[in-house]
Amino acid sequence: MRTFLTDAWSWLNYKPIMSAAHDGRPHRSLAPELHATWLPDEAVRRLAAYKLMAAYDNNQAGELAALTGNEAASERREFGDASTFVDTALAHLLGKSQQIIVPGAEHATDDTPAPEAVAAAEVQQRLRTWAEAELLPLRMQAAERKAVLLGDGLYLLAWDPDKQRVRLKTYDPGFYFPVIEDDADPGDYPQRVHLAWELPEDPKRGMKARLRRITYELGPITPSTRSHEGADGQGIRPISDGPGGLVVERGDRYNPGSGRIERTYPWASGQTSAVTCHLTDAEWLLDDLRHGQSLDELPLDKARFRTRGDGEVLHRLDLRLDFIPIVHISNTVSDGEHFGQPMLAKVMQALDELAESDTDSARASATTGAPIIGLAGARPEVDRVTGRPKPLAVEPGTIFALADGGRMDVLDTSHQLAALRARVEEVRDRAAVNARLPAVSLGTVDPSDVPSGYALQLSLGPLDSLVDSMRLARAHKYTLLLKMVQRIHQAGHAKGWAAGAPLSAQIVFGPHTPTDRTAILEEVVRGVTAGVLSLETGIRMLQDAGYPIEDARQEVERIRAGRQSQAKTKPKPIASAAAEAEAGDVSE
């Protein structure tokens, strides 16, 4: 029991390459860089799991297994089943569309809209404009595929003074090393995060192998010793305040009572904070790192700090933010773990058996298409040079001359081939069931085999629960991301982004299963006509059903404008016109 290891990646322990050593560390052939001296011990198995999942995604699982001595694995046939499962889950997770919604924005078109509704509509439009400029759906595809495949995804936000907007980047989770305290709750945000990777040696440029580390750390506001250029591009001169000529930035103040430098952030007016986020971007030569110096303890005296385009040295640079602008996406709901599990975690052994069955099926197909033939009584042609019989070649139209009593026996393997193909389908169905991806979602079911729409809906039940759990794990992360976008725009004094508490915004994913659009349209028409549904709610239901409505508020305005124009141009009934004429005669 002392050697029995259970952790977030123990579902891979059945592979010798994952737990080759007695301490559970992966085999060196999995990735030599995993045994780098700077790598934290708690990250070794996580990065090894990432490497294994990437191998399955690229049809290289057999090649990877061959590195541990399994020579037969190099002939394994892999046909992209793992990648198909990942892409199918990703497509259902994201749905057909992703839309930014700020609650209350739909009421901005009322006759007398509340100021909160107008503000929500403005923020919603600004967020959508930003998302379009930053190609948010494309970034989400990249980050979410990593999250579904590896279990984790990563977003990084940064202010761009040239473009005057927040830039959104995605990083491989293998570069992500949060510093999590032992007594910290798994749901708490880490106070220090490293992004680190090795840079290979470049003999042509005379550069040795290096380690690059980008560190974001929350800490107290420190005095400044140089002028600082604000995010709005305007120079801010340092001013002296406090005892000893303490140098602080304009907008900050020294609190003699607490002995700290405090500032008021634009999203928390009336409140002071002594915390800011520091950025450090540095490189180390691998030769300068000694054994035992982990990533969080690298010697700063041997570091070479990078500089920005304006010459600013990136060493504990004050970002003037009270949060770390990194959003970690977990594929599963946290259960005491900071990192998530990939959607293939529970079906890895089924994928291995599926590859082995495909390999056996391919070998049986070879003997079925080109069967083994035994001849008795045949006179083979003799090679005049060697004097030995030439091997017989079986081709269409080949005729063998047999002596009296001769015969030809053919080894029939078609029955074994049929059994192997049935086994392949059985294993694939078993893997799909355990992965909660019904056959109908994989496109392997003939529509004519579905007895009714109700039966189809029941078969999609496991997929619904899978998508619901995956979206639940991401809901608060995307709300946090949009909150950070608003705050960084405020910190950069971007035009139109007023100071104040950021509004709650969320990314709404489209439907993940086909919907009966005609039935939903009839339901909306009846509900709006009867007055039990508002026009805004009906438009939102049509959006969820997949109708090409880009903006619900603009669609409502078009409908109301059309009703008003129809009311003006519609001819009046004869009785109503006669009554108006009679009323005019009486008045005269």
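See the structure shown above.
Residues numbered from 1 in each chain as written. Predicted model: local features only at pLDDT ≥ 70, side-chain atom pairs only at ≥ 80, totals over all residues. Heavy atoms only, no water.

Overview of empty space enclosed by the protein
One pass over the structure, following the stated rule, counts one cavity of 30 Å³ or more. Glu78, Asp81, Ala82, Leu351 and Ala355 are, among the 15 residues lining the largest cavity, the residues nearest its centre. Of the residues forming the lining of the largest cavity, the biggest block, five residues, is contributed by helix α6 (residues 348-369). In terms of residue class, the lining of the largest cavity is built from seven nonpolar, two polar and six charged. (1 Å grid on protein atoms, 1.4 Å probe; cavity = no way out; pocket = protein on both sides within 12 Å on 5 of 7 lines; lining within 4 Å. Points joined across faces, edges and corners; volume = space filled by probe spheres on them. Helix = DSSP H or I, 4+ residues; strand = E, 2+ residues; numbered from the N terminus. Nonpolar A, V, L, I, M, F, W, Y, C, P; charged D, E, K, R; others polar.)

Some details on the pattern of salt bridges
On inspection of all chains with the given rule, the structure shows 29 salt bridges. Among the ionic pairs, arginine 212 bridges to aspartate 281, the shortest N-O distance being 2.7 Å. Note that arginine 212 is positioned in strand β6 (residues 210-220) and aspartate 281 in strand β13 (residues 275-285), a separation of 69 residues in sequence. A relative accessible area of 16% means that arginine 212 is categorised as buried. Residue aspartate 281 is classed as buried on the basis of its relative accessible area of 5%. One connected set of salt bridges, linked through shared partners, spans Lys15, Arg76, Asp352 and Glu356. (Salt bridge = Lys/Arg side-chain N within 4 Å of Asp/Glu carboxyl O. Buried < 20%, exposed > 50% of the residue type's maximum accessible area, 1.4 Å probe, protein only.)

Focus on the packing of aromatic side chains
Evaluated as defined, the whole model comprises nine aromatic pairs. Pairing tyrosine 478 with phenylalanine 509 gives two aromatic rings, centres 6.1 Å apart and planes at 75 degrees, and the pair type is edge-to-face. Taken as a pair, tyrosine 478 in helix α10 (residues 461-491) and phenylalanine 509 in strand β19 (residues 506-509) lie far apart in primary sequence, 31 residues in all. Take tyrosine 478: its relative accessible area is 2%, and that puts it in the buried class. Residue classification places phenylalanine 509 among the buried positions, given a relative accessible area of 13%. Feature note: the residues Trp9, Tyr176 and Phe339 constitute an aromatic cluster, connected by ring pairs. We note arginine 46 situated over the ring of phenylalanine 177; from NZ or CZ to the ring centre the distance is 5.5 Å. (Phe/Tyr/Trp six-rings, centres within 6.5 Å; stacked < 30°, edge-to-face > 60°. Lys NZ or Arg CZ within 6 Å of the ring centre and 35° of its normal.)

Here we look at the packing of helix α5 (residues 136-150) against α10
The N-to-C vectors of α5 and α10 enclose an angle of 130 degrees; their axes lie 13 Å apart at closest approach. When the axes of α5 and α10 are compared, the pair comes out oblique. Note that α5 runs across α10; the crossing there is right-handed. Facing α5, whose interface residues are Met140, Glu144, Ala147 and Val148, α10 presents Met470, Arg474 and Tyr478. Considering only residue class, the contact of α5 with α10 consists of five nonpolar, no polar and two charged. (Axes fitted to C-alpha atoms, helices over the stretch in contact; angles between N-to-C directions. Parallel < 35°, antiparallel > 145°, perpendicular 65-115°, else oblique. Left-handed = near helix turned anticlockwise from the far one by under 90°. Contact = heavy atoms within 4.5 Å.)

Considering the sheet that holds strand β3 (residues 165-170)
With respect to topology, three strands assemble into an open sheet ordered β3-β2-β16, the strand pairing being antiparallel. The open sheet terminates on both sides in strands that have one partner only, identified here as β3 and β16 (326-330). Looking at each pair of strands side by side, their axes are set apart by 20 degrees on average, direction ignored. Here strand β2 (residues 152-160) pairs with β16 via five bridges, running antiparallel. Residue aspartate 152 lies in a different strand from β16, and its bridge partner there is serine 330. On top of the sheet, α10 reaches β2, β3 and β16; it is set at about 170 degrees to β16, its chief contact. (Pairing = 2+ DSSP bridges.)

What about the layout of surface pockets?
Roughly 870 Å³ of internal volume is contained in the second largest pocket. Taken together, 36 residues form the lining of the second largest pocket, with Gln99, Arg128, Gln543, Ile549 and Glu550 sitting closest to its centre. Of all the secondary structure elements, the ones that give two or more residues to the lining of the second largest pocket are β1 (98-101), α4 (115-133), α5, β19, α12 (535-544) and α13 (552-569). Counting residues per element, the lining of the second largest pocket draws most heavily on α4, at six residues.

Some details on a nonpolar patch on the surface
Where nonpolar side chains cluster on the molecular surface, the patch consists of Leu402, Met408 and Val410 and spans about 250 Å² of accessible area. If you trace the backbone, valine 410 turns up in strand β18 (residues 402-410). Overall, the relative accessible area of 48% leaves valine 410 in the partly exposed class. (Patch = residues over 30% accessible without salt bridge, like charges linked within 9 Å, V, L, I, M, F, W, Y side chains within 5 Å. Areas by Shrake-Rupley, 256 points an atom, 1.4 Å probe, with all protein chains shown as cover.)

Comments concerning unusual backbone geometry
You will see that arginine 316, though not glycine, has its phi angle at about 55 degrees, which is positive. The residue arginine 316 is located in the loop between β14 (304-305) and β15 (317-318) in this model. For arginine 316, a relative accessible area of 35% puts it in the partly exposed group. Of note, histidine 493 is a non-glycine position whose phi angle comes to about 55 degrees, a positive value. Along the chain, histidine 493 turns up in the loop between α10 and β19. What makes histidine 493 exposed here is its relative accessible area of 52%.

Focus on the side chain of glutamate 144
Among the secondary structure elements, glutamate 144 is positioned in helix α5. Residue glutamate 144 is classed as buried on the basis of its relative accessible area, which comes to 1%.

These figures come from the coordinates and say nothing about function on their own.
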